[in-house]
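Inside the fold
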Amino acid sequence: MKRIFDLCTALLLLICFSPIIVCIAIIVGIKIGTPIFFVQKRPGLDEKPFYLYKFRTMNNATDEEGCLLPDHLRLSNFGKILRKYSLDELPQLINVIKGELSLVGPRPLLMQYLPLYNERQAQRHLVRPGITGWAQINGRNAITWEEKFEYDVWYVENQSFLLDLKILWLTLIKVFRSEGITQAEHVTSDVFKGSSTEHQNHG
């Protein structure tokens, strides 16, 4: 039922938002440059890797030595708008249609984080990752990694269709209020370095 709901809803949203998606793509190409999409490998269900799609929000500005500038200096004004209203995540509807993402589930993070999870935190990969999730409506990037993972695992242990509907509804409210987008001193959130000095490698 969850997969059917995901597929039908993602197809409907992709059709409805197609004019907006085209307009955003054109503006990104003009104001930020190409490629239009930010594509990055992320771990999915059972840690199987897939490529996540987002609209680019940062340019490729470099310093005098040719190194990329810090994220907060490369984040364009248009990119800030896209992030503020989560419009940069619209291409992830394609990931949902392909079966790599769900509408609701733990957010897919970076591949290099996999060895850093302890046994409980690794349980977040027992379900298909999502565009939004329980952690996103309970603080998003404004909470600690440990809190975020606890919310993720709680979702894995308590997932239901009604819970998904609740999360989707509360996500809309969060997006309109632009809550929890950034963490102090970071464009989004800081880098996860593990919950302790001893990391349990579950892979």
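Before reading on, note that the structure itself is shown above.
Rules of the game
- Residues numbered from 1 in each chain as written.
- Predicted model: local features only at pLDDT ≥ 70, side-chain atom pairs only at ≥ 80, totals over all residues.
- Heavy atoms only, no water.
- Pairing = 2+ DSSP bridges.
- Helix = DSSP H or I, 4+ residues; strand = E, 2+ residues; numbered from the N terminus.
- Axes fitted to C-alpha atoms, helices over the stretch in contact; angles between N-to-C directions.
- Parallel < 35°, antiparallel > 145°, perpendicular 65-115°, else oblique.
- Contact = heavy atoms within 4.5 Å.
- Nonpolar A, V, L, I, M, F, W, Y, C, P; charged D, E, K, R; others polar.
- Core = buried A, V, L, I, M, F, W, Y, C linked by side-chain atoms within 4.5 Å.
- Buried < 20%, exposed > 50% of the residue type's maximum accessible area, 1.4 Å probe, protein only.

For strand β1 (residues 37-43) and strand β2 (residues 49-55), the ladder comprises 7 bridges, and the chain directions are antiparallel. Residue pairing across strands places V39 opposite Y53, the latter belonging to β2. The hairpin formed by β1 and β2 contains 5 residues between the paired strands, and D46 there has a positive phi angle of roughly 55°.

Orientation of helix α1 (residues 2-16) relative to helix α2 (residues 18-31), taken along the N-to-C sense of each, is 60°, at an axis distance of 4 Å. It follows that α1 is oblique to α2 by the angle criterion. Contacts between α1 and α2 pair L14, I15 and C16 from the former with S18, P19 and I21 from the latter. Here the contact of α1 with α2 is built from residues that sort into 5 nonpolar, 1 polar and no charged.

Side chains of nonpolar character tend, in soluble globular proteins, to be buried together. Within the largest apolar cluster, 25 residues are counted, with the highest numbers of intra-cluster contacts made by I24, V28, F55, Y155 and I167. Going through the elements one at a time, α2, β2, α4 (77-84), α5 (92-97), β3 (102-104), α6 (145-158) and α7 (161-177) are the ones with two or more residues in this core. Residues in contact with F55, not counting those within four places in the same chain, are I21, I24, A25, V28, I36, F37, F38, L82, L87, D88, L90 and P91.

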